[in-house]
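Inside the fold
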Amino acid sequence: MVTYSSYKSGSQSIYCKHIIRADGSEAYSRSARFPFVHIEKEGFEYIVPYNDDMVPIREAFDYLNYDMAERPITSRTQAATAIRILYCYLSLANVDIHSIDADTLRGLIRFIRGVGTVQEQFKMDTVRSAGTVNIYLAAYRAFFSSRGIACDPLFRRSVTRGTMSTDDAGMPARTDRYAMKSNLRAGQYENRAIPKYISPDQFSKLYKLALEKKDLRALVIMRLGYGYGLRLGEILGLTLEDVTEATIDNQITPVLFIRNRLSDKDFQFGKNLMHPTDARQYKSKDYANAHHRIIISDDMYELILNYIEAEHARMVQDRPSNYSQTVADIVSSRCELEENHYVFLNRYGKVLNDQTWGNSLKKYFEEAGIPIDRDTKEGNLSHRFRHGFAMFHAHFSEHPWTALKLQHAMRHRSIRSTLIYYSLTEEDERREKEAMQKELYDAIPELKLLPEEGGPEANE
């Protein structure tokens with residue numbers, strides 16, 4: 001019998017293959033490590049994957065550092081983690097990456113998940129969900145496609161039919177959807193203990209608290225998340241250069257520009273936007289088109305400028321050394337600033353990061369009496385504001401937006417991403433069902449009547 005196991009060595013898992021005799025004794029075993037390291041050179045962070053002879057794996061290296069060069073380092077590291085597990089399994093199974101057949105793919109999927117058809121087959125330190133396995137398979141498809149590695153079983157797909165309402169009249173439109181045959185069916189598990197979005201009442205409580213505390217920074221960040229649907233990384237990546245005015249339909253309009261810079265940290269990235277690797281790219285057409293322009297209201301614009309004027313002036317005076325570390329790249333040829341800075345600062349005059357803001361936001365939640373996700377990573381507090389933006393316009397507004405309009409406002413590539421944001425709480429569902437029952441009772445009063453005692457036989 002062949003079994004697989006893993007154990008932790010530092011932060012990395014070491015994978016092992018064992019051949020067990022009928023009497024339970026071990027006939028053979030071997031392990032696979034396939035480490036990868038980060039090396040910074042000339043301002044770029046390279047990821048170097050090695051085999052167990054410490055020879056770099058060329059095709060994986062080229063993919064992670066050239067094909068994915070414009071992706072954030074977090075995305076490249078996630079891809080490297082998935083690819084490392086792939087090579088570990090192929091090494092233990094004695095299969096070349098160019099020779100993966102259907103049986104090998106099935107074994108790989110069981111290996112990744114850490115669960116097999118035989119209970120004793122896998123003794124892994126981690127058991128992964130079906131959703132995580134599918135993410136790894138998607139990473140392999142991207143890797144194989146980019147490097148020209150053939151693997152028919154991985155790319156086989158079936159066509160399904162789906163129906164969704166997308167037009168302004170609310171009429172359903174049928175569309176073809178494709179499902180990868182190798183993907184596992186992820187269960188629709190629900191945990192409604194923590195709502196996934198900020199309701200209008202909750203946002204009102206949080207905002208009033210920030211007003212009472214005269215916390216301009218919190219007021220601005222909360223409004224950008226809840227009122228405009230911005231992601232936290234997009235907010236923290238804003239610079240003075242990005243808060244400006246533009247001529248739209250011959251009218252001066254305040255706007256925000258969301259774009260990525262070389263000077264950005266991981267927590268400041270804008271999603272689905274170009275990640276430059278060389279300052280010369282700032283002058284290219286590709287980069288000029290790689291931004292989101294967010295139209296904001298005059299009072300939102302004034303609130304941001306008030307925060308900048310008050311906080312940046314204070315830090316220039318009180319924390320000049322720290323403030324000098326908040327300089328960001330100037331990327332627009334029209335920028336008139338001598339020095340660009342990130343908009344949001346911490347109390348020491350340095351760039352505000354996601355962890356510091358998360359800690360501050362958690363205190364607001366506690367003071368407002370809003371449940372906090374202490375034991376799960378699924379309920380990111382900052383992202384609840386973006387969820388709240390979606391739910392407000394889809395569920396709470398007197399004039400709900402269509403899915404297409406909401407997709408445009410949230411800057412999603414796929415409408416399927418937008419539909420995920422419609423997630424009712426148990427209280428929402430209770431109210432909707434009560435309203436539905438009331439409509440039924442009004443239309444059919446007989447629903448409230450009960451049958452006479454004795455049942456139908458009593459009337460015979």
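Summary of the structure given here. (Residues numbered from 1 in each chain as written. Predicted model: local features only at pLDDT ≥ 70, side-chain atom pairs only at ≥ 80, totals over all residues. Heavy atoms only, no water.)

1. Some words on the overall build of the protein chain
This is how the line gets drawn: Helix numbering and strand numbering both begin at the N terminus, where a helix is a DSSP run of H or I of at least 4 residues and a strand a DSSP run of E of at least 2. To sort residues, take the accessible area from a 1.4 Å probe on protein chains only and compare it with the maximum for the residue type: under 20% means buried, over 50% means exposed, and anything in between is partly exposed. Here the open area of atoms and residues is found with the Shrake-Rupley method and a 1.4 Å probe, where only the protein chains shown may cover a residue.
If you tally the helices and strands in the protein chain, you get 16 helices and 13 strands. Counting every position in the protein chain, which comprises 460 residues, the buried fraction comes to 43%. For the protein chain, the accessible area works out to roughly 26900 Å², and carbon and sulfur atoms hold 48% of it.

2. A look at the nonpolar core
The condition is simple: Within this scheme, the nonpolar core is defined by two criteria: the residues are buried Ala, Val, Leu, Ile, Met, Phe, Trp, Tyr or Cys, and they are joined through side-chain atoms within 4.5 Å. Contacts: residue pairs with any heavy atoms within 4.5 Å of one another.
In terms of nonpolar packing, the biggest core is built from 47 residues, with Leu 206, Leu 224, Leu 256, Ile 304, Phe 344, Phe 365 and Phe 385 touching the most fellow members. Of the residues forming this core, the biggest block, 8 residues, is contributed by helix H7 (residues 216–228). Once you skip the residues sitting within four places of it in the chain, Leu 206 turns out to touch Ile 198, Met 222, Tyr 364, Phe 365, Ala 368, Ile 370 and Phe 385. Within the second largest apolar cluster, 42 residues are counted, among which are Tyr 87, Ala 139, Ile 149 and Cys 151.

3. Considerations on the pattern of salt bridges
As a reminder of what qualifies: Basic side-chain nitrogens of Lys or Arg form a salt bridge, by our definition, when they fall within 4 Å of a carboxyl oxygen of Asp or Glu.
If you walk through the whole model with that rule in mind, you get 14 salt bridges. When the shortest N-O distance is used, the salt bridge between Glu 234 and Arg 411 registers 2.8 Å. Pair noted here: Glu 234 is in helix H8 (residues 232–236) and Arg 411 is in the loop between helix H14 (403–410) and helix H15 (415–420), with a separation of 177 residues, a long-range link. Summarising the burial analysis for this pair, Glu 234 and Arg 411 share the class buried. Among the salt bridges present, the one from Arg 314 reaches Glu 311, with a minimum N-O distance of 2.8 Å. Of this pair, Arg 314 and Glu 311 both sit in helix H10 (residues 298–318), 3 residues apart, roughly one helical turn. Taking relative accessible area as the criterion, Arg 314 reaches 37% and is therefore assigned partly exposed. Through salt bridges with shared partners, a single network forms among Arg 58, Asp 62, Asp 67 and Arg 147.

4. Things to note about the sheet that holds strand E2 (residues 12–20)
Stated formally: Should DSSP find at least two bridges between two strands, the strands are regarded as paired. Only the contacting stretch of a helix is used when fitting its axis, a line to C-alpha atoms as for every element, and angles between N-to-C directions run 0 to 180 degrees.
Across the sheet, 4 strands lie side by side as E3-E2-E1-E6; this open sheet has mixed pairing. With partners counted over all chains shown, the strands left at the sheet margins are strand E3 (26–32) and strand E6 (122–123), one partner each. Against the sheet, helix H2 (residues 73–93) contacts strand E1 (2–9), E2 and E3, and its axis sits at roughly 20° relative to E2.

5. Focus: the packing of aromatic side chains
Keep this limit in mind: For Phe, Tyr and Trp, rings pair up if their centres lie within 6.5 Å, where Trp contributes its six-membered ring, and each pair is then called stacked (planes under 30 degrees apart), edge-to-face (over 60) or tilted (otherwise).
Scanning the entire structure with this criterion turns up 19 aromatic pairs. Note on Tyr 46 and Phe 61: the rings are 6.2 Å apart at their centroids and 0° apart in plane angle, and the pair reads as stacked. You can see Tyr 46 sitting in strand E5 (residues 44–49) and its partner Phe 61 sitting in helix H1 (residues 58–67), a full 15 residues away along the chain. With a relative accessible area of 14%, Phe 61 lands in the buried category. On the numbers, 4.2 Å between centres and 10° between planes, the contact of Phe 203 with Tyr 226 is stacked. In this pair, Phe 203 sits in helix H6 (residues 200–213) while Tyr 226 sits in helix H7, placing the two residues 23 residues apart along the sequence. Residue Phe 203 is classed as buried on the basis of its relative accessible area, which comes to 14%. Tyr 226 sits in the buried class, given a relative accessible area of 9%. Members of the aromatic cluster, each reached through a chain of ring pairs, are Tyr 4, Tyr 15, Tyr 89, Phe 111 and Phe 122.

6. Some thoughts on the pairing of strand E11 (residues 292–295)
Judged by which residues are buried, E11 turns out to be one-sided: His 292 and Ile 294 face inward and are buried, whereas Arg 293 and Ile 295, on the alternate face, are not. As paired elements, strand E10 (residues 251–258) and E11 share 4 bridges and run antiparallel to each other. Counterpart to Ile 258 in the pairing with E11 is His 292.

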